[in-house]
Amino acid sequence: MKKIDGGVCAPVGFKANGVHCGIRKNKLKRDLSLIVSEVRCSAACVYTQNLVKGAPITVTKEHVKDGYAQAIVCNSGNANTCNTNGVEIAEGMCSLVEKSTGISSQDVVVASTGVIGQPLSLDPIAAGMDDLVKGLSDMGSLNAAQGIMTTDTVDKQVAYSFILDGKECKIGAIGKGVGMICPNMATMLIFITTDASITSEMLQKALSADVKDSFNMVSVDGDTSTNDMVCVLANGLAGNQTITENGKDFLAFRKALNKVTTNLCRRIAKDGEGATKLLECKVTGAKSKTIAKTVAKSVIKSSLFKAAMFGADANWGRVLCAIGYAGAKVDISKIDVDFKSRMGMLAVCRNGSGVSFSEEEAKKILSEDEIDVLINLNDGNGKATAWGCDLTYEYVKINGDYRT
């Protein structure tokens, strides 16, 4: 498996673009993106578990219920959520894609991100659609990635090549999400493309399994968004024998998919609203994988622990506290905790009790922008990883006037 350039346009047969159409006031920010495939694709999606869902999710669920799609359209700057005409607007976006590309509106995945409860007009989207379609390119992944950003500070795209059935296949993705992110699928907008040939049933099986260990293990602020989804389109143009069942090819595809998703997990957590540090919590030695995941998520979601990491304070007691209220059956007297960064590793807890360490060394290690929190429960073989970020003054500033 090899990391490559190109994002969602790395796989054969995909083009993308992003433009500013006028939804956002800042004319320098793209706010409308489109991804298209030359041919109809197998499609799989997962959606937010928030009971309040954006209208685009309702429409997308209907469009992909047959397991196929050929395009993804997404706007930023407005979530199209809690609007009386939300479904009409979402369907209208798909119809505009059909009018400009010839792709059936029923084969269009639609998504929106931005402020909740604000009316969304089709007028700017209609005005920008021709330029959006004319600019479609196999070099357009960056533009598309920028078009779905909200408070993200950097674009998020990735791609890998891998081998299936002796054929080179490619898988790429763009994503957004730095706030209103908590482990409870889905937690952001992620659009994945691949030229591998796989049935929609197996594609859904791969995606549904993957998110449990990837996107479901990311938390920025403990809030689950109303609009977010992960969508995968597979057009089969790589020419491999179609994956129809479990086996070595399906396993290879799942590994490639996980490479993409975990890469984006790290990027999203590191770019969390106001964040200065990526926190990666690795739990080992649990009685079960479920216990390991519960512990890892509890620690990564702790506001007190996140604040301590912002201050480069080795307050390991907050780790033990988060483990204690996680709801998992663990033996506190067996727990070991270490902090690690590129500046070294620091043991702070052994067998549930503190050990002496240098505060100066701790400050040096925790002042880096990527920190590993290593927890060994010493009680089994279960393991899990969760991703998060520190909690800073800037997070409050961003969300204090997000709407205005």
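Each remark here, short or long, concerns the structure printed above.
In this text, all values refer to a predicted model and were calculated from it rather than measured experimentally.

### Things to note about a nonpolar patch on the surface
Here is step 1: There is a patch of nonpolar side chains on the surface, built from Val12, Val39 and Leu237 and spanning about 190 Å² of accessible area.
Here is step 2: Position of Leu237 relative to the elements: it lies in the loop between strand S9 (229-234) and helix H6 (248-270).

### Considerations on the packing of aromatic side chains
Here is step 1: Here the structure, examined in full by the defined rule, presents three aromatic pairs.
Here is step 2: Here the aromatic rings of Phe305 and Phe339 are separated by 6.3 Å at their centres, their planes lie at 25 degrees, and the arrangement is stacked. Taken as a pair, Phe305 in helix H8 (residues 303-310) and Phe339 in strand S11 (residues 336-341) lie far apart in primary sequence, 34 residues in all.
Here is step 3: In this structure, Lys61 is placed above the aromatic ring of Tyr47, and the distance from its NZ or CZ to the ring centre is 5.1 Å.

### Considerations on the environment of Val348
Here is step 1: Among the structural elements, Val348 can be located in strand S12 (residues 344-350).
Here is step 2: Remark: the alpha-carbon pair of Val348 and Ser358, spanning ten residues in sequence, is separated by 9.8 Å.
Here is step 3: Setting aside residues no more than four positions away along its own chain, Val348 makes contact with Trp316, Val337, Asp338, Phe339, Ser353, Gly354, Val355 and Phe357.

### Overview of the nonpolar core
Here is step 1: Among the nonpolar cores identified, the biggest contains 74 residues, and Val319, Val337, Phe339 and Ile375 are the most heavily contacted of them.
Here is step 2: Listed in part, the 25 residues of the second largest apolar core include Ala43, Tyr47, Ile148 and Ile174.

### What to know about the pairing of S12
Here is step 1: Relative to S12, S11 runs antiparallel, the two sharing five bridges. Its bridge partner lying in S12, Lys340 is registered against Met345.
Here is step 2: Hairpin connection between S11 and S12: a loop of two residues separates the two successive antiparallel strands.
Here is step 3: Of the strand pairs in this sheet, S12 and strand S13 (residues 353-354) are connected by two bridges, and their pairing is antiparallel. Pairing of Cys349 across the sheet is with Gly354, part of S13.
Here is step 4: Linking two consecutive strands that pair antiparallel, namely S12 and S13, is a turn of two residues; a positive phi of about 55 degrees is found at Asn351 within it.

### A few points about the side chain of Asn83
Here is step 1: Looking at where Asn83 falls in the secondary structure, it is placed in the loop between strand S4 (68-78) and helix H2 (86-101).
Here is step 2: The contact partners of Asn83, leaving out residues within four places of it in the chain, are Asn78, Gly117, Gln118, Pro119 and Leu120.

### Section: the pattern of salt bridges
Here is step 1: Within the structure shown, the criterion is met by 19 salt bridges.
Here is step 2: Where Lys156 meets Asp271, a salt bridge forms, and the shortest distance between an N and an O atom there is 2.7 Å. Residue Lys156 is found in strand S6 (residues 156-164), and its partner Asp271 is found in the loop between H6 and strand S10 (278-286); the two are separated by 115 residues along the sequence.
Here is step 3: The exposure class assigned to Lys156 is buried, which follows from its relative accessible area of 1%.
Here is step 4: Under the relative-accessibility criterion, Asp271 is labelled buried at 8%.
Here is step 5: One salt bridge in this structure joins Asp213 and Lys293, with 3.5 Å as the shortest N-O distance.

### Points about the sheet that holds S13
Here is step 1: Spatially, the six strands line up as an open sheet ordered S13-S12-S11-S14-S10-S15, and their pairing is mixed. Looking along the sheet, the strands with just one partner apiece sit at the ends: S13 and strand S15 (382-389).
Here is step 2: Where S10 lies against S15, seven bridges are found, and the strand directions are antiparallel. From the neighbouring strand, Leu279 faces S15, where its bridge partner is Gly388.
Here is step 3: Contacts between helix H7 (residues 289-301) and the sheet are confined to S10, strand S14 (370-376) and S15, with S15 contributing the most and set at about 20 degrees to the helix.

### A word on the environment of Met229
Here is step 1: Locating Met229 in the fold gives a position in strand S9.
Here is step 2: Taking relative accessible area as the criterion, Met229 reaches 0% and is therefore assigned buried.
Here is step 3: For the pair Met229 and Thr60, spaced 169 residues apart in sequence, the C-alpha separation works out to 9.7 Å.

### Concerning H6
Here is step 1: If you check H6, its first and last C-alpha atoms are 33 Å apart, about what 23 residues at 1.5 Å a residue would give, namely 33 Å.
Here is step 2: Those residues of H6 not exposed but buried are Asp249, Phe250, Phe253, Ala256, Leu257, Val260, Thr261, Asn263, Leu264, Cys265, Ile268 and Ala269.

### Points about the packing of helix H5 (residues 200-213) against H6
Here is step 1: Between H5 and H6, the least distance of the axes is 10 Å, while the angle of their chain directions is 45 degrees. In terms of axis orientation, H5 runs oblique to H6. Regarding H5 and H6, the two cross each other, and that crossing is right-handed. Seen from H5, the contacting residues are Met202, Leu203, Lys205, Ala206, Leu207, Ala209 and Asp210; seen from H6, they are Phe250, Phe253, Arg254, Leu257, Asn258 and Thr261.
Here is step 2: Here the residues of the contact of H5 with H6 are counted per class, giving eight nonpolar, two polar and three charged.

Reading guide: rules and limits
Residues numbered from 1 in each chain as written. Predicted model: local features only at pLDDT ≥ 70, side-chain atom pairs only at ≥ 80, totals over all residues. Heavy atoms only, no water. Patch = residues over 30% accessible without salt bridge, like charges linked within 9 Å, V, L, I, M, F, W, Y side chains within 5 Å. Areas by Shrake-Rupley, 256 points an atom, 1.4 Å probe, with all protein chains shown as cover. Salt bridge = Lys/Arg side-chain N within 4 Å of Asp/Glu carboxyl O. Helix = DSSP H or I, 4+ residues; strand = E, 2+ residues; numbered from the N terminus. Phe/Tyr/Trp six-rings, centres within 6.5 Å; stacked < 30°, edge-to-face > 60°. Lys NZ or Arg CZ within 6 Å of the ring centre and 35° of its normal. Contact = heavy atoms within 4.5 Å. Core = buried A, V, L, I, M, F, W, Y, C linked by side-chain atoms within 4.5 Å. Buried < 20%, exposed > 50% of the residue type's maximum accessible area, 1.4 Å probe, protein only. Pairing = 2+ DSSP bridges. Axes fitted to C-alpha atoms, helices over the stretch in contact; angles between N-to-C directions. Expected span 1.5 Å × (residues − 1). Parallel < 35°, antiparallel > 145°, perpendicular 65-115°, else oblique. Left-handed = near helix turned anticlockwise from the far one by under 90°. Nonpolar A, V, L, I, M, F, W, Y, C, P; charged D, E, K, R; others polar.

The analysis is restricted to geometry; functional conclusions fall outside its scope.
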